[in-house]
Amino acid sequence: MDTSLPVVLVPGLAGSPRIYAQIVPALWACGAPVTVANHIRDDSMAAIARRILAEAPARFALAGHSMGGYIAFEIMREAPDRVAKLALINTQARPDSPEATERRTRQIGEAEAGRLHAVLEELYPGFVHPSRRDDAALQRIVHDMGDDVGAAGFVRQQRAIIARADSRPTLGTIRCPTLVISGDTDTTIPNSLSQEMADGIAGAKLVIIPDCGHLPQIEQPAATAAALAGWLRN
């Protein structure tokens, strides 16, 4: 097939284009025009999806990481015919739990009080494989991305995540070729929820990346790039 199909990459919560920096060259080498969507300007999934669709090519391959996966599900509900391929990276189809909403609400308050970096410090251990909890370079990337997003953007993202829909009932409506990626040690969104998505989408392929937590693009960039390049080519 024509691998020049445009690719739209959507980062996760408090994520910026930096999360995909080591992945883009592999997709570019496939001949794909690559765009990283801006998902910090709106506070609902519907508004974020509509803006991304307004700025995206007419037909494209879509990859979403974590919150980006929630946005991808909304895009699939809004304009399924525009998405030629779908990749769901360390995400889930389920809505927020009451416990998660309570935690996010507290983090919103912290960010609004000027303590976004304290929230990122709290989140970081759950973002990476246990062996990388003291990795200063990865910690720096997470904090730099937080600065890219900013406190106001982070608050908008959290509000959108809290109010997101349950995407499990619509998994069966997804017809495009779909790749589901997860780290083998993702403690933020467990593998079982990746399996749930793969089981619910006809023909979906599940790839579990070893020695990896919630941020495969920067924890295991070579394996992640290979999986996405294969998804794009096939």
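In the annotation of an unreviewed UniProt entry, the entry for the protein reads Pimeloyl-ACP methyl ester carboxylesterase, and the organism field reads Rhodopseudomonas thermotolerans.

Asks: What is the right way to look at the overall build of the protein in this model?
Replies: Each helix and strand in the protein was counted, giving nine helices and six strands. Relative to its length of 234 residues, the protein is compact, with a C-alpha radius of gyration of 16 Å against a globular reference of 17 Å. Reported as C-alpha extents along the three principal axes, the dimensions of the protein are approximately 50 × 35 × 30 Å. Scored against the burial criterion, the 234 residues of the protein give a buried share of 52%. Considering only intrachain contacts with a sequence separation of at least 6, the fraction spanning at least 24 residues in the protein is 77%. Accessible surface for the protein amounts to roughly 9500 Å². Of this, 53% is attributable to carbon and sulfur atoms.

Asks: Any chance you could explain helix 9 (residues 221–233) here in plain terms?
Replies: The end-to-end C-alpha distance of helix 9 is 18 Å, a good match for the 18 Å that 13 residues give at a rise of 1.5 Å each. Where helix 9 is concerned, the buried positions are Pro-221, Thr-224, Ala-225, Ala-227, Leu-228, Ala-229, Trp-231 and Leu-232.

Asks: What is the right way to look at unusual backbone geometry in this model?
Replies: Among all residues save glycine, negative phi is the norm, and among peptide bonds the norm is trans. Although it is not a glycine, Ser-66 adopts a positive phi angle of roughly 55°. With respect to the helices and strands, the residue Ser-66 is situated in the loop between strand 3 (60–65) and helix 3 (67–78). Of note in this structure, Asp-211 is not a glycine but carries a positive phi near 55°. Tracing the backbone through its elements, the reader meets Asp-211 in the loop between strand 6 (205–209) and helix 8 (216–219). Of the residues examined, Asp-211 reaches a relative accessible area of 33% and is grouped as partly exposed.

Asks: Help me understand helix 6 (residues 136–162), please; the structure alone is not making it clear to me.
Replies: Residue pairs spaced three or four apart in an α-helix point in one direction, given the helix's 3.6 residues per turn. For helix 6, which comprises 27 residues, the first-to-last C-alpha distance of 30 Å sits more than 12% below the rise-based estimate of 39 Å (1.5 Å per residue). The largest bend along helix 6 measures about 85° and falls at Gly-150. By the N-cap criterion, in which a side-chain oxygen at the helix start approaches the backbone nitrogen of a residue two or three places on, helix 6 is capped by Asp-135, the distance to Ala-137 being 3.0 Å.

Asks: What is the right way to look at the side chain of Ser-16 in this model?
Replies: Among the structural elements, Ser-16 can be located in the loop between strand 1 (7–10) and helix 1 (24–29). Within the local environment of Ser-16, its side chain forms a polar contact with the side chain of Asp-148, the two groups lying 2.7 Å apart. In this structure, Ser-16 is in contact with Pro-11, Met-145 and Asp-148, ignoring residues within four places of it in sequence.

Asks: Teacher, can you tell me more about the packing of aromatic side chains here?
Replies: Each aromatic ring pair is specified by the distance between its two centres and by the angle formed by the two planes. Taken as a whole and assessed by the stated rule, the structure comprises zero aromatic pairs. Arg-164 extends its terminal NZ or CZ atom over the ring of Tyr-70, reaching a point 4.0 Å from the ring centre.

Asks: Can you help me understand the nonpolar core in this one?
Replies: Of all hydrophobic cores here, the largest spans 79 residues; its most connected members are Leu-62, Met-67, Ile-75 and Leu-228. By residue number, the principal contributor to this core is helix 6, which donates eight residues. Contacts of Ile-75, omitting those with residues within four sequence positions, involve Ala-49, Ile-52, Leu-53, Phe-60, Leu-62, Pro-80 and Val-83.

Asks: I tried to follow the packing of helix 5 (residues 116–127) against helix 6 on my own but got confused; where do I start?
Replies: The relative placement of two packed helices comes down to the angle between their axes together with the axis-to-axis distance. Interhelical geometry of helix 5 versus helix 6 gives an angle of 130° and a closest axis separation of 10 Å. Accordingly, the angle class assigned to the pair helix 5 and helix 6 is oblique. Of the two elements, helix 5 crosses helix 6, and the hand of that crossing is right-handed. Within the contact between the two elements, helix 5 uses Leu-116, His-117, Val-119, Leu-120, Glu-121, Tyr-124 and Phe-127 and helix 6 uses Leu-138, Gln-139, Val-142, His-143, Gly-146, Asp-147, Gly-150, Ala-151 and Phe-154. Taken together, the residues that form the contact of helix 5 with helix 6 break down as nine nonpolar, five polar and two charged.

Asks: When you look at the pattern of salt bridges in this model, what are you seeing that I'm missing?
Replies: Scanning all chains against the criterion turns up 14 salt bridges. When the shortest N-O distance is used, the salt bridge between Glu-196 and Arg-94 registers 2.7 Å. Placement of the pair is Glu-196 in helix 7 (residues 191–200) and Arg-94 in the loop between strand 4 (83–89) and helix 4 (98–112), with a sequence separation of 102 residues. With a relative accessible area of 33%, Arg-94 lands in the partly exposed category.

Scoring rules and cut-offs
Residue numbering note: each chain is counted from 1, following its sequence as written. Side-chain atom pairs in this predicted model are given and counted only at pLDDT of 80 or more, local residue features only at pLDDT of at least 70, and totals for whole chains, interfaces and linings cover all residues. Here the side-chain values reflect all heavy atoms present in the structure, with hydrogen atoms and water set aside. Working definition: helices are DSSP H or I runs of at least four residues, strands are E runs of at least two. Numbering for both runs from the N terminus. Throughout, the radius of gyration refers to the C-alpha atoms, and the reference size of a globule is 2.2 Å times the residue count to the power 0.38. Only protein chains enter the accessibility calculation, which uses a 1.4 Å probe; a residue is then buried when its area is under 20% of its type maximum, exposed when over 50%, and partly exposed in between. Residue contacts are counted whenever heavy atoms from the two residues lie within 4.5 Å of one another. To be clear on the numbers: accessible area is Shrake-Rupley with a 1.4 Å probe, and residue cover counts the displayed protein chains and nothing else. Expected helix span is given by 1.5 Å per residue-to-residue step, counting one fewer step than there are residues. Here the bend at a residue means the angle between the axes of two seven-residue stretches, the one that ends at it and the one that starts at it. The definition of a polar contact used here is a pair of N or O atoms within 3.5 Å, where within protein one atom must be able to donate a hydrogen and the other to accept one, and adjacent residues in sequence count solely through side-chain atom pairs. Note on aromatic pairs: the rings of Phe, Tyr and Trp (six-membered ring only in Trp) are paired at centre separations within 6.5 Å, and the planes decide the class, stacked below 30 degrees, edge-to-face beyond 60, tilted for the rest. Over a ring means this: the NZ of a Lys or the CZ of an Arg is within 6 Å of the ring centre and within 35 degrees of the ring normal. To qualify as a nonpolar core, a set must consist of buried Ala, Val, Leu, Ile, Met, Phe, Trp, Tyr and Cys residues joined through side-chain atoms within 4.5 Å. Note on geometry: axes are lines fitted to C-alpha atoms, helical ones only across the stretch in contact, with angles between N-to-C directions running from 0 to 180 degrees. Note on terminology: angles under 35 degrees are roughly parallel, angles over 145 are roughly antiparallel, angles of 65 to 115 are roughly perpendicular, and the others are oblique. Note on convention: the crossing is left-handed when the near helix lies turned anticlockwise from the far helix by less than a right angle, right-handed when the turn is clockwise. For this classification, Asp, Glu, Lys and Arg are treated as charged, while Ala, Val, Leu, Ile, Met, Phe, Trp, Tyr, Cys and Pro are nonpolar and the rest, including Gly, are polar. One side-chain nitrogen of Lys or Arg within 4 Å of one carboxyl oxygen of Asp or Glu is enough to make a salt bridge.

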